[in-house]
Amino acid sequence: MDKTQQTAQKERFIGLEWLRFALGLYIVIFHTLHTYPSISAWSHYVTDIGFFSTSTFFVLSGFLLTHVYLDEHRQLREPARSFWIKRFSNLYPIHIGSLLLAIGISLLVGYLAISPQDAGMSPRFVIYDVNNDLGQATPDALEHFMGNGELALNLVLNVGLLHAWNPYYLTFNPPSWSISALMGFYLVFPWLAPRLFRLRRVGRALALTNVLYLIPPLLVIAMTDFGMPETGILHRNPLIRLPEFVAGILLCVWYTRYRAAGGWLSVRQRLLLVVFVASCVVVAVWLLGKGHAWYYLLHNGLLLPAQLALILLATQWRTPESRRVRRLASRLGGASLPMFALHVPLFVIFTRIERVFAGDPALCTSGFRACFDAAGDSSLVLYPLFLLLTVLFCVIFQEQFVLRVRNAIQRWLLPRVGSPPSHTEKVAR
């Protein structure tokens, strides 16, 4: 292997750190901005394609892991068991921390009942997963309270990082299904990535991957009524979503060869990619108003070329000289997955505190019930403060909790498989 190819393999991507952070921030906005009635007339244009963020994150994960974990011989640079332990130790503290927080907040908010809607909040409460955007089912018909058996089963699934396989409804901390799906992808990575790197025609492989990814939504459109479990299967089943991760691996294969040949996108090529991504987003928002079929197709495959183009654009961001800027990008990028996992319970906490202060908080000195009954409404004015506090909390959570638990898990498990703990995998977090 020549020196150019070795340099490309060791390349650090500051742009991908910023992209990871942007994806995490957008998923927060996707799940929270629509709750403000005052902007409901236009906010959906901002949040309609929130699934773009999760899909891009899956593609990006495949790209980064391939870049970091394959050696100069295009083989996994460590035993598969060591890889799995490191990946598990990165995901599990985030998942368990967010799960406990979500369950605790759900119980507390249901008990305090600050708003009328809060009285029904419970870890047992779920909503059946259907594509109900056009109102073919009433909201009440989709609400469900899990019985003891369902509750126990879904607790086991969550503790085992298997909850993405439940196609009927999301439980406890809904966005955490993406962590479960990622773990599923990681299980096949040691077998999949080296084999994909041997492919000669990477462009054709990417096209075939995209076509295969579109088959399940086409079958759902042709044969079902957009209900359950098909919606949940398309939404989060790791096997169905695997082509996104595979596409990320293939993009890294193409990029490594492109850089080894001395390639670097020109300004014109980058501008064309920007126009392409922006056009895809605008057209996607327009198509989402045309019915269920377009939602399924956009969610599962039609936007994959735009996601690949966005990641390729981010690789072109040259590393700045400033150490502080590099450090900031690394910290914000590292907080992206906690942002995915923690934002829902954090939003619940923020809005309930906000409502108490918007009412008559002085009543809390004489009795909490009167204080809660006087609670006001959430205000869009404070929404930027919520976003800022969420980012700060997730940075601290990642650095003070996740990394410490991760290192403890690795110190415990890695010696058992003959591999030392690693403290240098920042780009693959």
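Look a little higher up for the structure.
Residues numbered from 1 in each chain as written. Predicted model: local features only at pLDDT ≥ 70, side-chain atom pairs only at ≥ 80, totals over all residues. Heavy atoms only, no water.

Chemist: How would you explain the packing of helix H2 (residues 14–32) against helix H4 (residues 51–69) if you had to name every residue and give the values?
Modeler: Relative orientation of the contacting elements H2 and H4 amounts to 155°, with a least axis distance of 9 Å. Regarding the angle of H2 to H4, the classification is roughly antiparallel. The handedness of the crossing between H2 and H4 is left-handed. Facing H2, whose interface residues are Leu 16, Leu 19, Arg 20, Leu 23, Gly 24, Tyr 26, Ile 27 and Phe 30, H4 presents Phe 51, Ser 53, Thr 54, Thr 56, Phe 57, Leu 60, Phe 63 and Leu 64. (Axes fitted to C-alpha atoms, helices over the stretch in contact; angles between N-to-C directions. Helix = DSSP H or I, 4+ residues; strand = E, 2+ residues; numbered from the N terminus. Parallel < 35°, antiparallel > 145°, perpendicular 65-115°, else oblique. Left-handed = near helix turned anticlockwise from the far one by under 90°. Contact = heavy atoms within 4.5 Å.)

Chemist: Before we move on, could you go through the packing of aromatic side chains and cite the residues and values that matter?
Modeler: Applying the stated rule across the entire model yields 26 aromatic pairs. Judged by centre distance (5.6 Å) and plane angle (65°), the rings of Phe 13 and Tyr 255 are edge-to-face. Residue Phe 13 is located in the loop between helix H1 (3–9) and H2, and its partner Tyr 255 is located in helix H11 (residues 238–260); the two are separated by 242 residues in the primary sequence. For the residue pair Phe 13 and Tyr 255, the accessibility class agrees, reading buried in each case. Ring pairs connect the aromatic residues Phe 58, Tyr 69, Phe 83, Trp 177, Phe 185, Tyr 186, Phe 189 and Phe 245, which therefore count as one cluster. (Phe/Tyr/Trp six-rings, centres within 6.5 Å; stacked < 30°, edge-to-face > 60°. Buried < 20%, exposed > 50% of the residue type's maximum accessible area, 1.4 Å probe, protein only.)

Chemist: Talk me through unusual backbone geometry; I want residue IDs and the actual numbers.
Modeler: Peptide bonds are mostly trans, and most non-glycine residues show a negative phi. For the peptide bond that leads from Met 228 to Pro 229, omega is 10°, which places it in the cis range. Following the sequence through the fold, Pro 229 ends up in the loop between helix H9 (202–223) and helix H10 (230–236). Although it is not a glycine, Leu 161 sits at a positive phi angle of roughly 60°. When you line up the elements, Leu 161 lands in the loop between helix H7 (148–159) and helix H8 (177–196).

Chemist: I'd like a rundown of the environment of Ser 178, residues and numbers included.
Modeler: Residue position: Ser 178 is located in helix H8. Overall, the relative accessible area of 3% leaves Ser 178 in the buried class. C-alpha of Ser 178 to C-alpha of Ser 40: the two residues are 138 residues apart in sequence and 27 Å apart in space. Those residues in contact with Ser 178, other than ones at most four positions away along the chain, are Thr 54, Phe 58 and Phe 340.

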